[in-house]
Amino acid sequence: MEYYDAIVVGAGPAGSTAAKVLSEKGAKTLLIDKNKFPRNKPCGGALSLKVLDRFKYVKDFVDSYLYGGVFYSPSLKYAAKYEKDRPIGAMVTREKFDAGLVELAINSGAQFIDGAIVKDLKISNEKAKVMLGNGSEMESEIVISAERILSVIARKSGLRQRSNHGLIFPGIVQEFYVDRETMDEFFGEKRLAHFHIRFNHVFGYAWVFPKRESINIGVGGLQTKTKPNLKNILSIYIQSLKRG
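Since the model is a prediction, treat every value here as computed from it, not as a measurement. (Residues numbered from 1 in each chain as written. Predicted model: local features only at pLDDT ≥ 70, side-chain atom pairs only at ≥ 80, totals over all residues. Heavy atoms only, no water.)

### Some remarks on the sheet that holds strand S4 (residues 64-66)
Strand order in the open sheet formed by three strands is S3-S7-S4, with antiparallel pairing between adjacent strands. Of all the strands in the sheet, just strand S3 (46-48) and S4 have a single pairing partner and so form its edges. Going from strand to strand, the sheet's axes swing by 35° on average, the running direction of each strand aside. (Pairing = 2+ DSSP bridges. Helix = DSSP H or I, 4+ residues; strand = E, 2+ residues; numbered from the N terminus. Axes fitted to C-alpha atoms, helices over the stretch in contact; angles between N-to-C directions.)

### So, the packing of helix H1 (residues 13-24) against helix H3 (residues 94-107)
Where H1 contacts H3, the two axes come as close as 8 Å, and the packing angle between them is 15°. Relative to H3, the element H1 is oriented roughly parallel. Remark: the crossing between H1 and H3 carries left-handed chirality. Listed contacts from H3 to Pro13, Ser16, Ala19, Lys20 and Ser23 of H1 are Arg94, Phe97, Asp98, Leu101, Val102, Leu104 and Ala105. Its residues assigned to classes, the contact of H1 with H3 shows seven nonpolar, two polar and three charged. (Parallel < 35°, antiparallel > 145°, perpendicular 65-115°, else oblique. Left-handed = near helix turned anticlockwise from the far one by under 90°. Contact = heavy atoms within 4.5 Å. Nonpolar A, V, L, I, M, F, W, Y, C, P; charged D, E, K, R; others polar.)

### A look at a positive patch on the surface
Judged by side-chain charge, Lys34, Lys41, Arg148 and Arg155 come together as a positively charged surface patch. Take arginine 148: it is sitting in the loop between strand S11 (137-145) and helix H4 (152-157). (Patch = residues over 30% accessible without salt bridge, like charges linked within 9 Å, V, L, I, M, F, W, Y side chains within 5 Å. Areas by Shrake-Rupley, 256 points an atom, 1.4 Å probe, with all protein chains shown as cover. Salt bridge = Lys/Arg side-chain N within 4 Å of Asp/Glu carboxyl O. Lys, Arg positive; Asp, Glu negative; His and termini not counted. Charge placed at Lys NZ, Arg CZ, Asp CG, Glu CD.)

### Here we look at H3
Helix length check: H3, at 14 residues, gives a terminal C-alpha distance of 20 Å against a target of 20 Å (1.5 Å per residue), a fit within 8%. Those residues of H3 that are buried are in contact with H1, strand S2 (29-32), S3 and strand S8 (111-113). Remark: glycine 109 follows H3 within two positions and exhibits a positive phi of approximately 120°. (Expected span 1.5 Å × (residues − 1).)

### Considerations on the sheet that holds strand S1 (residues 2-9)
Pairing within the open sheet is mixed, and its six strands lie in the order S8-S2-S1-S11-S10-S9. At either end of the open sheet lies a strand with only one pairing partner, and these are S8 and strand S9 (118-123). This sheet shows a mean twist of 40° between the axes of neighbouring strands, independent of strand direction. The sheet contact formed by S2 and S8 spans three bridges and is parallel. Its bridge partner lying in S8, leucine 30 is registered against glutamine 111. Along the sheet face, H1 touches S1, S2 and S11 and points at about 165° away from the line of S2.

### Focus: the packing of aromatic side chains
Summed over all chains, the structure comprises nine aromatic pairs. For the pair phenylalanine 37 and phenylalanine 112, a centre-to-centre distance of 5.4 Å together with 85° between the ring planes defines the contact as edge-to-face. A residue pair is termed long-range when its members are at least 10 positions apart, and phenylalanine 37 in the loop between S2 and S3 and phenylalanine 112 in strand S8 qualify at 75 residues. Ring centres of phenylalanine 199 and tyrosine 237 lie 4.9 Å apart, and the angle between their planes is 65°; on these two criteria the pair is classed as edge-to-face. (Phe/Tyr/Trp six-rings, centres within 6.5 Å; stacked < 30°, edge-to-face > 60°.)

### Considering the pattern of salt bridges
Inspection of every chain in the model, using the stated rule, returns 15 salt bridges. The partner of lysine 56 in a salt bridge is aspartate 53, and the shortest N-O contact between them spans 3.1 Å. The two residues lysine 56 and aspartate 53 agree in class, both being exposed. A salt bridge links lysine 129 to glutamate 137, with the nearest nitrogen and oxygen atoms 3.9 Å apart. Judged by its relative accessible area of 26%, lysine 129 falls in the partly exposed class. Looking at glutamate 137, the relative accessible area reads 33%, which means it is partly exposed. Salt bridges sharing partners connect three or more residues here, namely Lys81, Glu83, Asp85 and Lys190. (Buried < 20%, exposed > 50% of the residue type's maximum accessible area, 1.4 Å probe, protein only.)

Here it is in structure tokens:
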């Protein structure tokens, strides 16, 4: 059985960053993710400037910069535009961004296992044992859960005994890749984002995030008892955008 100082479950930005920092501090670290990398993630891909300021290396993965946005009322009767001369945020594509952060963690000394599902967790007074779906087991002093909201580690450790659906914000995204000349023609150099508040009665918003050579279109909102069909709503949203 392999022993580690720390095991991080979930190789998204938080998990990869944790593994990178721990490895840089000399901790023998294992990073695990259930997906094979590189992989995509339902996400708009927007980062605040505070993230870029705190984690300088993130700038290497920036796809484009955001200079503002246009916000539309549910009725589309009103719109408010916010635009600056300097960037207010940055855009990334999650496939490249997450894979890049994993590579940084590996280069810092972390071991990475992808395509591995964590099935169980056993905690004793001195250590924790993580069991994978393929039968592998490893022990560590610390286990960090950087998974999705329905975390296996949180559930197995007793930290999360039941889901609070009122705090879940599901979303669905589609990324359309377009040549840069077309992006410049329709969105200009400043690449303003577009937000349609409470589109189709969703308790959230739909969005268009233009990047360097792609358009990220999605819809998301707080999960309610009605559980709207976001897949159908995204299709309706895309068709409405086509109509202008």
